[in-house]
Amino acid sequence: MFFDFLPTFPLKLSEFLLFGLVLLAGLVGGRLAALTRVMPVITGYILVGFICGPGGFNLITESLLGDMRVFVDISLGLILFDLGRRIDLRWLASEKWLLMTGLVESALTFALLTLLFVAFDVPFIQAAVAGAVGVATSAAVVMRVASDVGSEGPVTRRAFSLVAINNMVALLLFTSLLPFVHLENRIVFADALLHPLYLIAGSVLLGAVLFQLLVTMSRWLKRTNTEQFILQLAMIVAAVGLAAMLKLSVLLTLLTLGLMARNVHPHRRLPVVEFGDVAQLFFVVLFVMTGAGLKLGDFSTVAWLAFVFVIVRFVAKALPIFAFGTLSKLSLRQSAALSLSLTPLAGLAAGMTFMLGDMLGSNTPALSSLAGTVLLASVTLMQLVGPVAARFAFTYANEADPNT
Amino acid sequence: MNHETDDSLNTDTVNVENTAIAVIERPRVVGMPVPAPHPLAFTSSTPLTMGVELELQLINVETQNLTTEADDLLRRIAKHKIAPNLKPEITQSMIEVNSSVHARFDTLQPEMREIRDALVKEAKRMNIGICGGGSHPFQKWNERRIYPTDRFLAVAEKYGYLAKQFTVFGQHVHIGVANGDDAMYLCHSFARYVPHFVALAASSPFYQDTDTSFDSSRLSIVNAFPLAGHAPEVFQWEQFIKYFDKMQAAGVVETMKDFYWDIRPKPEYGTVELRICDTPLTVDHACDLAAYAQTLAAWLLDDRRRGVSEASVMDLYLPYAVNRFQACRYGIQAELIEVETATRKPMAEDFINTVAKLQWYAAQLGTGESLQRLSRLTLSGNNGSLWLREQLKDCESMWEVVERATALWAT
């Protein structure tokens with residue numbers, strides 16, 4: 001054979017090449033979004049992902065999406081840990097109206113969304129599962145948008161707390177409903193009961209064990225930013241890997257780790273390290289991949305119902321925020337901004353639906369096709385609208401950095 | 001440092017008994033137009049009354065960095081009875097509190113503690129911290145946001161990056177005087193004791209994530225302003241007005257606020273304003289410093305031979321900058337140059353000797369215990385900067401130093 005030294009066709013995209021291309025494409029999208037002055041950069045990443053993904057030109061194929069999964073998981077791990085460490089449990093305990101806001105808006109969202117699906121003849125359990133998924137707000141979108149616009153202040157801080165609360169509530173509701181879904185699918189009773197228990201207790205326990213390890217190492221190492229940064233990053237990546245390996249909830253494990261990092265040993269806490277530019281790399285990949293995962297095909301069939309879903313969800317969250325906002329001494333403008341900031345319903349919600357699918361086997365549809373399709377369509381809608389709404393919210397609250 | 005503070009000493013809640021602010025009486029001739037008073041006409045106030053202003057840090061309790069929520073804090077506390085004691089400052093990361101006018105330490109301290117408690121309580125509800133100290137150890141000045149009032153925006157426009165760098169935190173003490181001539185005499189006479197105040201209040205050893213090796217790095221920021229320094233060597237208020245008019249006519253300044261002097265007469269309040277202290281780490285220490293200023297003023301005003309004369313004022317200012325630098329750099333361990341004897345002596349010794357002379361006045365004013373506390377602090381060398389450095393040595397992290405300083409402020 002001649003020319004053995006040449007590569008063989010068709011050329012295969014390696015993970016390295018893909019990673020580089022995704023970053024480059026993301027950068028272009030982010031830059032274009034920034035030029036609009038209303039779109040957050042992550043919308044640029046998502047749109048580029050969508051255009052390059054299976055729903056667009058299929059440059060990022062389904063199998064490549066799978067290959068990139070590891071980066072996405074690390075990104076989510078970073079975000080959830082970051083969310084956890086921003087939640088001050090002592091503050092939540094003393095500022096009871098905020099905790100009340102979180103619990104009531106989560107409950108109301110769950111109730112109204114469940115009713116919505118029941119009204120469209122979705123069986124109750126499945127409607128409830130869809131309702132539970134709808135409670136969660138995208139930590140990734142809210143936190144990255146806040147970071148991109150340099151948002152800091154009362155609305156931002158409350159938004160993070162509410163995001164954490166409604167993700168926790170969503171997860172609890174979701175796992176509590178699992179036994180019923182299992183039973184509907186004729187799975188052994190013991191499994192049905194033990195599964196949620198394993199999922200919740202196991203994830204919290206794993207988070208706690210890793211936290212203890214983190215603290216021990218943190219005290220042993222020098223308390224310089226560099227060493228502490230590497231330590232925390234390493235622990236987060238390991239936590240993501242362990243949670244996945246043990247089939248536990250990545251969300252709950254990382255949230256537990258972050259919450260403990262902030263709240264245990266309040267007078268000798270772990271140093272707060274900024275993940276900075278390194279993490280930014282992962283976030284670009286996360287949102288490009290999120291965009292690539294969107295499918296417009298499903299969207300068109302249930303668009304109007306997805307629209308109703310989004311409106312009902314917004315109202316269910318806004319009402320308690322306004323009601324309790326006065327008691328928390330929030331201005332109307334701050335309450336409005338806070339309500340808007342919780343609009344993003346995103347990756348994690350989709351993650352939960354997929355998780356349910358994984359658990360029950362791909363042959364058993366977890367949700368009725370209607371509820372599932374509406375959820376995914378809403379996710380698609382909110383991936384595009386949510387970041388813009390969140391960006392507007394932080395700017396409207398006067399908390400975005402005017403220098404950014 | 002001060003920008004808006006000039007008009008911020010709270011006069012709304014003045015205790016009339018303590019202040020008896022009186023408008024200067026002018027002779028009137030029937031049928032003659034009454035000339036408008038000069039803007040710098042000196043308002044007489046009860047001698048030795050005092051007021052305190054403190055610039056405080058607003059802390060993000062998660063990162064221990066400065067936060068940017070001054071406007072929200074002021075909004076939330078607007079209906080509280082301490083609201084008139086609060087003012088915004090140049091950036092959103094600071095807030096200024098000021099006391100009413102007091103004749104005695106034992107009414108000043110309870111009021112300052114009450115303001116602190118109310119502020120800490122509201123801050124806790126907001127999940128932010130309130131912290132003393134002259135500088136934040138690791139905030140980045142370029143991340144600061146200007147508080148959006150016309151005056152602050154104008155200052156930011158005029159001074160560029162200096163405005164954001166001005167996110168340092170000072171204590172100002174006002175001492176009431178009967179007239180402008182007394183004000184000028186006290187301005188100059190206080191100047192000799194500036195190193196005492198700098199060293200005792202010093203609590204800004206860290207700046208931009210670095211140990212500056214200074215006890216008070218804050219004053220280096222103030223030095224960058226073109227109109228920093230000390231008042232001109234004039235002794236009569238009439239002369240001062242002429243000086244000001246000349247400066248104004250030449251376009252050097254527009255108002256008295258443009259002078260960033262260490263000690264400044266304040267004609268509209270009828271006070272002399274000491275502006276060289278870092279905000280201490282506790283309100284109690286801030287009150288002790290005010291008590292020292294009050295007692296020192298009493299001693300200086302009681303016998304003019306104790307202070308500075310027109311003949312000796314030039315000599316007074318010869319070592320001024322160096323002595324001030326010594327106090328900033330070495331704190332209580334500073335050595336002061338005395339021009340008249342051409343000697344150097346330890347600042348601590350100078351302070352202890354001064355306090356010894358003040359005993360009778362301290363007994364009259366009820367400031368004896370404050371002076372004792374300051375003397376003990378001087379002998380131990382344990383000022384705010386030393387405390388902060390010890391914390392860093394213990395915990396090895398700047399952000400934990402801030403956390404501890406925030407906890408200290410609340411106690």
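Model, not experiment: these values are computed from the prediction. (Residues numbered from 1 in each chain as written. Chains lettered and ligands numbered in written order. Predicted model: local features only at pLDDT ≥ 70, side-chain atom pairs only at ≥ 80, totals over all residues.)

A. Spatial organisation of the overall build of chain A. Each helix and strand in chain A was counted, giving 17 helices and zero strands. In chain A, buried positions account for 52% of the 404 residues. Nonlocal contacts in chain A, meaning residues at least 24 apart in sequence, comprise 82% of its contacts between residues at least 6 apart. (Helix = DSSP H or I, 4+ residues; strand = E, 2+ residues; numbered from the N terminus. Buried ≥ 20, exposed ≤ 12 C-beta atoms within 10 Å, placed from the backbone. Contact = placed C-beta atoms within 7 Å.)

B. Molecular detail of the pairing of strand E11 (residues 271-278) of chain B. Residues and elements named next belong to chain B. Most of E11 is tucked away: eight of the eight residues are buried. The pairing of strand E5 (residues 170-176) with E11 spans six bridges and is classified as antiparallel. Each bridged residue has a counterpart across the sheet, and for Val173 the counterpart in E11 is Leu274. Both strand E10 (residues 263-266) and E11 contribute to a ladder of four bridges, which runs antiparallel. If you follow Arg264 over to E11, its bridge partner there is Glu273. Counted along the chain from E10 to the antiparallel partner E11, the turn is four residues long, and its residue Gly270 has a positive phi close to 75°. (Pairing = 2+ DSSP bridges.)

C. Molecular detail of the nonpolar core. Counting 116 residues, the largest nonpolar core has Leu254(A), Val285(A) and Val288(A) as its most contacted members. It is helix H9 (residues 154-184) of chain A that contributes the most residues to this core, 15 residues altogether. Counting residues in each nonpolar core, the second largest holds 104 residues, with Phe169(B), Ala201(B), Phe244(B) and Ala293(B) among its members. (Core = buried A, V, L, I, M, F, W, Y, C linked by C-beta atoms within 7 Å.)

D. Main features of the confidence of the model for chain B. Residues and elements named next belong to chain B. Within chain B, residue pLDDT values average 90, and 91% of them lie at 70 or more. A low-confidence stretch, residues 1-29 stays under pLDDT 50, and its non-local contacts, those more than four residues away or across chains, total 62 contacts. Taken over the whole predicted complex, pTM reads 0.86, whereas the ipTM for its chain interfaces reads 0.82. (pLDDT = per-residue confidence, 0-100.)

E. Region of the structure containing the interface of chain B and chain A. Listed as interface residues are 17 residues of chain B and, on the opposing side, 16 residues of chain A. Of all the secondary structure elements, the ones that give two or more residues to the side of chain B that touches chain A are helix H2 (70-76) and helix H3 (105-126) of chain B. In terms of residue class, the side of chain B that touches chain A is made up of three nonpolar, five polar and nine charged. (Nonpolar A, V, L, I, M, F, W, Y, C, P; charged D, E, K, R; others polar.)

F. Layout of the confidence of the model for chain A. Residues and elements named next belong to chain A. Scored by pLDDT, chain A has a mean of 83; 89% of the residues are at 70 or more. Confidence, expressed as mean pLDDT per element, reaches its minimum in chain A at helix H16 (residues 347-360) with 47 and its maximum at helix H15 (residues 332-341) with 96. Note that residues 353-366 has pLDDT below 50 and, in this model, 16 contacts with residues that lie over four places away or in other chains.

G. How the structure looks around the packing of helix H6 (residues 180-191) of chain B against helix H10 (residues 283-302) of chain B. All names here are of chain B. H10 packs onto H6 with a crossing angle of 115° between their chain directions and a minimal axis gap of 11 Å. When you trace H6 past H10, the crossing you get is right-handed. Mapping the contact onto sequence places Asp182, Leu186 and Ser189 in H6 and Ala297, Leu300 and Leu301 in H10. Of the residues assigned to the contact of H6 with H10, the class counts are four nonpolar, one polar and one charged. (Axes fitted to C-alpha atoms, helices over the stretch in contact; angles between N-to-C directions. Left-handed = near helix turned anticlockwise from the far one by under 90°.)

H. How the structure looks around unusual backbone geometry. Residue and element names in this part refer to chain A. Even without being a glycine, Lys247 presents a positive backbone phi close to 55°. For Lys247, the location among the structural elements is in the loop between helix H11 (225-245) and helix H12 (250-263). The phi angle at Asn398 is positive, at roughly 60°, despite the residue not being glycine. One can find Asn398 in the segment after helix H17 (369-396).

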